[in-house]
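# Secondary and tertiary structure notes
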Amino acid sequence: MSTTTRDLARPAPAKTSQVRPRRGLRGSSTFNFWLFTGPFLIGLVIFVYVPIGWSIWLSFFEARFTVTPSHFIGFDNYRFMLENNNFIGALVTFTVFAAFIVPTTWALSLGLALLVNRLRFMRAFFRSVFFLPTACSYVAASLIWKMSIFNGVRFGLANTVLGWFGVENIAWLADPNPPWYWMVIVSARLWLQSGFYMILFLAALQNIPGELYEAAAIDGAKPGWQTFRHITLPQLRATTTAVILLLLVAAYQAFDEFYNLLSKTTWGRPPLVELYYTALGQNQDYGAGSAGAVILTLLICVVTLLQGKILGFGRGDESK
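All of these numbers come straight from a predicted model, not from anything done at the bench.

Now for the overall build of the chain. The helix and strand inventory of the chain stands at 14 helices and zero strands. Along the chain, from the amino end to the carboxyl end, the secondary structure elements read α-α-α-α-α-α-α-α-α-α-α-α-α-α. Buried positions account for 33% of the 320 residues belonging to the chain. Put simply, 66% of the contacts in the chain that link residues at least 6 apart link residues at least 24 apart. For the chain, the computed accessible surface area is about 20,500 Å², with 66% contributed by carbon and sulfur atoms.

As structure tokens, then:
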């Protein structure tokens, strides 16, 4: 009797449930990876890598009015572009342009970031105000600059302001001597791109530990230039290198504002505009245009590598 009672009081053993492996879309991380990245990679290959490879292949053929040539000419297209004074002049001009616009944009973006970072109220408002021009189209901004601000007649904003001080009207975009058109292009580009790089610097400034400034104050460092030089600027080295790399590439790839501001003038053409007229102009020389594009790409790569070497891009230890 007691044995039966103990057997009845004893709880039944719990059934062990076996965890079944998940099947389907949630079961394979590799499949999920290719599911989400596959369309992007396919588009990247079709619309980026295939055109690049085709352009390189096309640069070794005589390709006038066709993109499927059959006559191999070797490096003749490269020789032709390197002997083209307009193309070489555009490369030299825009090397000077990059040497000016890159540090100017860097200084303006960093200055705006420092000012916004010091604000105690309405920081989000001013951050949005300075970033808003980034959303504007280069074409739309170029037309505003050309037709409303620097249109070269007395009704333009720039000439109206200068007229208050007795200065005669300036043909900003019609006369290359002196080259007033550079002021139009530089001001438009600064307005369009400074806000974007300001956001990058602002994010980097907010990641600097406050303990560094507290330790510097204890050691007797004065706030202002001394703190900026020895603490803030070294902490921004990685962001500065990335910003300068992006600015260099953007300077050599300038197209929209030059094409819309200077129209079909022969002076002040950037390399991309010169390649545009070479490949899609009257002769439609796709082979020479492709060779010029390869030369421009190599130049950008060389300048970028030199700049990265000078600034120490990719160093693991930020203290060096």
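Below, the discussion takes up unusual backbone geometry. Unlike most non-glycine residues, phenylalanine 65 shows phi in positive territory, near 65 degrees. Looking at the secondary structure, you find phenylalanine 65 in the loop between helix 2 (29–58) and helix 3 (76–82). Using a relative accessible area of 54% as the deciding quantity, one classes phenylalanine 65 as exposed.

Attention now moves to the confidence of the model for the chain. In this model, the chain carries a mean pLDDT of 82, and residues with pLDDT of at least 70 account for 88%. Taking the mean pLDDT of every element in the chain, the minimum, 50, falls on helix 1 (residues 2–9) and the maximum, 92, on helix 3.

Turning our eyes to something else, we now look at the nonpolar core. Phe97 and Phe258 are the most contacted members of the largest nonpolar core, which totals 54 residues. If you list the elements that add at least two residues to this core, you get helix 3, helix 4 (85–118), helix 6 (138–149), helix 8 (181–206), helix 11 (237–252), helix 12 (256–262), helix 13 (271–280) and helix 14 (286–311). Top element by residues in this core is helix 8. It accounts for 13 residues.

Moving on to the pattern of salt bridges. Throughout the structure, instances matching the rule amount to three salt bridges. For aspartate 285, the salt bridge is made with arginine 64, and the minimal N-O distance between the two is 3.4 Å. Here arginine 64 lies in the loop between helix 2 and helix 3 and aspartate 285 lies in the loop between helix 13 and helix 14, a separation of 221 residues in the sequence. Looking at aspartate 285, the relative accessible area reads 8%, which means it is buried. Across the pair aspartate 76 and arginine 79 runs a salt bridge, and its minimum N-O distance is 2.6 Å. Of this pair, aspartate 76 and arginine 79 both sit in helix 3, separated by three residues, roughly a single helical turn. Exposure remark for arginine 79: the relative accessible area of 45% places this residue in the partly exposed category.

Okay, the packing of helix 4 against helix 5 (residues 123–131) next. Close contact between helix 4 and helix 5 brings their axes to 9 Å; oriented N to C, the two are set at 160 degrees. It follows that helix 4 is roughly antiparallel to helix 5 by the angle criterion. The two elements helix 4 and helix 5 cross, and the hand of that crossing is right-handed. Contacts from Leu112, Val116 and Asn117 in helix 4 reach Arg123, Phe126, Arg127 and Phe130 in helix 5.

Its 30 residues give helix 2 an end-to-end C-alpha distance of 40 Å, which sits within 8% of 44 Å, the value for a rise of 1.5 Å per residue. Along helix 2, the helix axis deviates most sharply at threonine 37, where the bend reaches about 45 degrees; the proline proline 39 sits within four residues downstream. Of the positions making up helix 2, those classed as buried are Gly38, Ser55 and Leu58. Buried residues in helix 2 make contact with helix 3 and helix 14.

Here is what the cut-offs are and how they apply
- Residues numbered from 1 in each chain as written.
- Predicted model: local features only at pLDDT ≥ 70, side-chain atom pairs only at ≥ 80, totals over all residues.
- Heavy atoms only, no water.
- Helix = DSSP H or I, 4+ residues; strand = E, 2+ residues; numbered from the N terminus.
- Buried < 20%, exposed > 50% of the residue type's maximum accessible area, 1.4 Å probe, protein only.
- Contact = heavy atoms within 4.5 Å.
- Areas by Shrake-Rupley, 256 points an atom, 1.4 Å probe, with all protein chains shown as cover.
- pLDDT = per-residue confidence, 0-100.
- Core = buried A, V, L, I, M, F, W, Y, C linked by side-chain atoms within 4.5 Å.
- Salt bridge = Lys/Arg side-chain N within 4 Å of Asp/Glu carboxyl O.
- Axes fitted to C-alpha atoms, helices over the stretch in contact; angles between N-to-C directions.
- Parallel < 35°, antiparallel > 145°, perpendicular 65-115°, else oblique.
- Left-handed = near helix turned anticlockwise from the far one by under 90°.
- Expected span 1.5 Å × (residues − 1).
- Bend = angle between axes of the 7 residues up to and from the residue.

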